[in-house]
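Structural overview
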Amino acid sequence: MSDVLGLAAQNLLSPMVLFFVLGLLAALSKSDLAVPEAIAKGIALYLMLAIGFKGGVQVALSGVDLRMAGAILGGIALSIIIPVIAFFILRVTSSLSAIDAAATAAHYGSISIVTFIAGTQALQAMGLSFEGYLVAVAASMEAPAIVVALLLARRYSRSADDEPLGRVLREVAGNPSIVMLVGAFVIGWITGARGNDMIKPFIGDLFLGVLCLFLLDMGLVAGRGMREGRRFLTAPVIAFALYMPLISAALTLPLCLMIGLSAGGAALLMTLAASASYIAVPAAMRLALPQANASIYLTLSLGVTFPFNLMLGIPIYVWIAQAAIGS
């Protein structure tokens, strides 16, 4: 336990987390501090480019193997299983409708790429390496959870819209963050070490500073969401947003052991599974389940689960991975 607390303290005192806290407090105190939307979108695209490219370079250096294929298939399986579990937990423990439970479950079956990036930075600060192809795993875990959630909504609610799945999937596939992440990964894979050397100042030295600015904006968004959606946040719903990441991480650990991931890779895959989307999935839910209450799923994913993972979750996953696999 002392190891977990030490890792948590180290993570809490990192500039990235503190900038998120600054944004959160500024929003809760109704400050006028804001990051212009155009700049925020540009920062998000930069982060997708940098993390995708670095992952592609790592794959180019290490090569494709069965572990990579196993990790991608395992990630897809997790993004199918987790939303089903999340849906039925919400239906049993809360008063959420089937539509709201399905929309929320989609967020927890999908992934937060910013949480993934924060996890990579925490691992690097601890001197732990991880498999670069996990970027590809992250990209593969977006759409399956959305499909599962729509099927659950149609099965358990008569009020669900009959939005064609194909249209929803095209919307997700065309999401700028997914296009940039996958595209940059492929470019990094093609160009390898030579490409990395060419743009290293751009994706290396600037990365952490840009991440701090992005997390400041995420804190602002989360704080506003908490102010506006607090009337929907009952105790069982908030509790779900805190324990569901731990359930998802626990489901992921046996897969990590089966694949043979390193301790850093296992911690990162657990972080992916434990994260909740707040970029691609909300866009898909607005299209496919417009009657779902966005204040619920956005506040839970961005206002509760995201800071939990950022401050406590990632250190817990790293500690578990090191205890199970070794450093």
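Read on for a plain summary of the structure. (Residues numbered from 1 in each chain as written. Predicted model: local features only at pLDDT ≥ 70, side-chain atom pairs only at ≥ 80, totals over all residues. Heavy atoms only, no water.)

It is worth spelling out unusual backbone geometry at this point. With a phi close to 65°, K30 is a non-glycine residue in the positive phi region. Note that K30 resides in the loop between helix 2 (15–28) and helix 3 (37–62). Given a relative accessible area of 62%, K30 falls into the exposed group. (Helix = DSSP H or I, 4+ residues; strand = E, 2+ residues; numbered from the N terminus. Buried < 20%, exposed > 50% of the residue type's maximum accessible area, 1.4 Å probe, protein only.)

As a further point, take a nonpolar patch on the surface. Together, F19, L22 and L33 line one region of the surface with nonpolar side chains, adding up to about 240 Å² of accessible area. Here L33 shows up in the loop between helix 2 and helix 3. (Patch = residues over 30% accessible without salt bridge, like charges linked within 9 Å, V, L, I, M, F, W, Y side chains within 5 Å. Areas by Shrake-Rupley, 256 points an atom, 1.4 Å probe, with all protein chains shown as cover. Salt bridge = Lys/Arg side-chain N within 4 Å of Asp/Glu carboxyl O.)

This brings us to helix 12 (residues 235–259). Between its terminal C-alpha atoms helix 12 stretches 37 Å, which fits the 36 Å expected from 25 residues at 1.5 Å a residue. In the structure, helix 12 departs most strongly from a straight axis at Y243, where the bend amounts to approximately 30° and where the proline P245 lies between one and four residues downstream. The set of residues buried in helix 12 consists of V237, F240, A241, M244, P245, S248, A249, T252, L253, L255, C256 and I259. Buried residues belonging to helix 12 abut helix 4 (66–93), helix 5 (98–109), helix 13 (263–274) and helix 15 (294–325). Just beyond helix 12, the residue with positive phi is G260, at close to 90°. (Expected span 1.5 Å × (residues − 1). Bend = angle between axes of the 7 residues up to and from the residue. Contact = heavy atoms within 4.5 Å.)

Enumeration over the complete set of coordinates arrives at one salt bridge. Here K41 and E37 are joined by a salt bridge, their closest N and O atoms 3.4 Å apart. Here E37 and K41 lie together in helix 3, a separation of four residues that amounts to about one turn. Considered together, K41 and E37 belong to a single accessibility category, that of exposed residues.

Functional significance is not addressed by these values, which are geometric in nature.
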